[in-house]
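What follows is each chain in one-letter form.
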Amino acid sequence: MFKKVFSVILLLAMMSLPQIVSAEKTDWFDRNFNFRNIRSVIVFDAMPSQNFGRVDTILLRNLQDVYIQNAQKNLRCNIITEAQARRMLNVESLAYSNSMQARHVIMQNAYRIADAWVVANVDAWNDSSYVIPERTVWEQRRESRTYYDYYGNRLEETYYIQVPVTYPPQRVDVSTLQMTLQVYEARRGEMIFARKDVRDREDYQAQRGMFGRICNSFFEDFGKKIR
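In this text the structure is predicted, and so the values were computed from the model without any measurement. (Residues numbered from 1 in each chain as written. Predicted model: local features only at pLDDT ≥ 70, side-chain atom pairs only at ≥ 80, totals over all residues. Heavy atoms only, no water.)

Chemist: Outline the packing of helix 2 (residues 57-74) against helix 5 (residues 207-226), supporting the account with residue identities and numerical values.
Modeler: The axes of two packed helices give the description: the angle between them and the distance between them. At a minimum axis separation of 8 Å, helix 2 and helix 5 run at an interaxial angle of 25 degrees. As far as their axial angle goes, helix 5 and helix 2 are roughly parallel. Here helix 2 runs over helix 5; the crossing is right-handed. When helix 2 is examined against helix 5, the residues Leu59, Asn62, Leu63, Val66, Tyr67, Asn70, Ala71, Lys73 and Asn74 are found in contact with a partner set consisting of Arg208, Phe211, Gly212, Cys215, Asn216, Phe219, Glu220 and Gly223. (Axes fitted to C-alpha atoms, helices over the stretch in contact; angles between N-to-C directions. Helix = DSSP H or I, 4+ residues; strand = E, 2+ residues; numbered from the N terminus. Parallel < 35°, antiparallel > 145°, perpendicular 65-115°, else oblique. Left-handed = near helix turned anticlockwise from the far one by under 90°. Contact = heavy atoms within 4.5 Å.)

Chemist: Could you give me a rundown of helix 2, with the residues and numbers involved?
Modeler: For helix 2, built from 18 residues, the straight-helix expectation of 26 Å at 1.5 Å per residue is met to within 8% by its first-to-last C-alpha distance of 26 Å. All buried positions along helix 2 are accounted for by Leu59, Leu63, Gln64, Tyr67, Ile68, Asn70, Ala71 and Asn74. Looking straight down helix 2, one finds its buried side chains confined to an arc of 165 degrees; they lie on one side. Away from its buried face, by an angle of more than 90 degrees, helix 2 presents the exposed residues Thr57, Ile58, Arg61 and Lys73. (Expected span 1.5 Å × (residues − 1). Buried < 20%, exposed > 50% of the residue type's maximum accessible area, 1.4 Å probe, protein only. Arc of directions from axis to C-beta.)

Chemist: Summarise the pattern of salt bridges; cite the residues concerned and give the values.
Modeler: Pairs can form between side chains of opposite charge whenever their charged atoms are close. Tallied over the entire structure, the rule returns 11 salt bridges. With its nearest N and O atoms 3.4 Å apart, the salt bridge here joins Glu185 to Arg188. According to the relative accessible area criterion, Glu185 is buried, its value standing at 10%. Note that Arg195 and Asp221 form a salt bridge whose closest N and O atoms lie 2.6 Å from each other. Taken as a pair, Arg195 in strand 9 (residues 191-201) and Asp221 in helix 5 lie far apart in primary sequence, 26 residues in all. Asp221 shares its class with Arg195; the two are buried. Within the structure, one salt-bridge network assembled from shared partners comprises Asp27, Arg195 and Asp221. (Salt bridge = Lys/Arg side-chain N within 4 Å of Asp/Glu carboxyl O.)

Chemist: Could you give me a rundown of the side chain of Glu82, with the residues and numbers involved?
Modeler: Relative to the helices and strands, Glu82 is located in helix 3 (residues 82-88). Taking relative accessible area as the criterion, Glu82 reaches 2% and is therefore assigned buried. Of note is the side chain of Glu82, whose polar atom sits 2.9 Å from the backbone nitrogen of Asp45. Contact partners of Glu82, with chain neighbours within four places excluded, come to Val43, Phe44, Asp45, Arg103 and Ile106. (Polar contact = N/O pair within 3.5 Å; in protein donor to acceptor, adjacent residues only side chain to side chain.)

Chemist: Outline the pairing of strand 8 (residues 170-185), supporting the account with residue identities and numerical values.
Modeler: Of all the 16 residues making up strand 8, 12 are buried; the element is thus mostly covered by neighbouring parts of the structure. Pairing of strand 5 (residues 116-132) with strand 8, which is carried by 16 bridges, proceeds in the antiparallel orientation. Each residue of the ladder has a partner; that of Ile132, found in strand 8, is Gln170. Of the strand pairs in this sheet, strand 8 and strand 9 are connected by 10 bridges, and their pairing is antiparallel. Within the sheet, the bridge partner assigned to Leu177 lies in strand 9 and is Arg199. Between strand 8 and the antiparallel strand that follows it, strand 9, lie 5 residues; Gly189 among them carries a positive phi value of about 70 degrees. (Pairing = 2+ DSSP bridges.)

Chemist: Requested: an account of the packing of aromatic side chains, with residues and values cited.
Modeler: Here the distance between the centres and the angle between the planes together describe a pair of aromatic rings. Counting across every chain of the model gives 9 aromatic pairs. Taking the centre distance of 6.4 Å and the plane angle of 90 degrees together, the rings of Phe44 and Trp117 count as edge-to-face. Residue Phe44 is located in the loop between strand 2 (40-43) and strand 3 (47-48), and its partner Trp117 is located in strand 5; the two are separated by 73 residues in the primary sequence. Judged by relative accessible area, Trp117 falls into the buried class, the value being 5%. Aromatic ring contacts, followed pair by pair, group Tyr67, Phe193, Phe218, Phe219 and Phe222 into a single cluster. Cation over ring: Lys225 sits above Phe35, and NZ or CZ is 5.8 Å from the ring centre. (Phe/Tyr/Trp six-rings, centres within 6.5 Å; stacked < 30°, edge-to-face > 60°. Lys NZ or Arg CZ within 6 Å of the ring centre and 35° of its normal.)

Chemist: A description of unusual backbone geometry should follow, citing residues and the corresponding values.
Modeler: Although it is not a glycine, Asn90 sits at a positive phi angle of roughly 55 degrees. The backbone of Gln205 shows a phi angle near 45 degrees, a positive value even though the residue is not glycine. Of note, Gln205 is situated in the loop between strand 9 and helix 5. Accessibility expressed as a relative area gives 47% for Gln205, which makes it partly exposed.

Set out below in C-alpha cells:
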C-alpha cells in the first residue's frame, strides 16, 4: 500500500515540473592538439544571432555575467575577457566604432597574450506553444471508510479506486535555445574544439536557465581537456 501511495505522489510531482522536451549536444575536437598546453584563454563576449529577436541590453549583460562566471569557475587557467584583451592589445579605439573590427584585431594578435580563444553565438532564442486537447484518463483516488471490528472497536480503512478524470484543453509553452561555442588555438587561429547545443524545455521563457546550463556544461568539458 505504501508503495502505491509513494508512486502516485511521485507521478504527480513529476507532472507538475517543467519537462525537458529535448537536449542534444554535438561535439568536435582536434585529437592531435595538446589541450594541456593551454594556460591562458581569451573569452570573447557571447554574440546574439538575428534569431535572438529584440536585444535587451540588461538581459545581454546578465547573460554575459553568467557566461564569464562559468568560464572562471570551470577553467583552471588565466581568463581574459574581451574588454581586457582590448586594453592589453591597445585596440580600445576600435571598441565602439566597430566592435567586430576590434575583435578581428584581437584574434590576429591573440597569441601575444593567450594560448586560445573562445567564441559563443546564440543561434536561436525562441518561444512557442502547443495545445493538449481535452482528454479523459483513469486515475487513482484515495477513499476511506469506517467500520467496527468484532469487539466494537471503531477502525478506519484507506483504499484506492480507479476513476475517470477529464482535463480541459491545456496550453504548453516551449522555450528553445540553440548555441554554438568554439575554441581556437591562438597562434594559428585554427579551431580545436566546437559544440552545438540545442535545448527545448516545456516552460515559459526558460532560456536564461538553459543558457547557464549550456555555458556550465561547455566550460566544464573544456576545462577537463586542459587539466
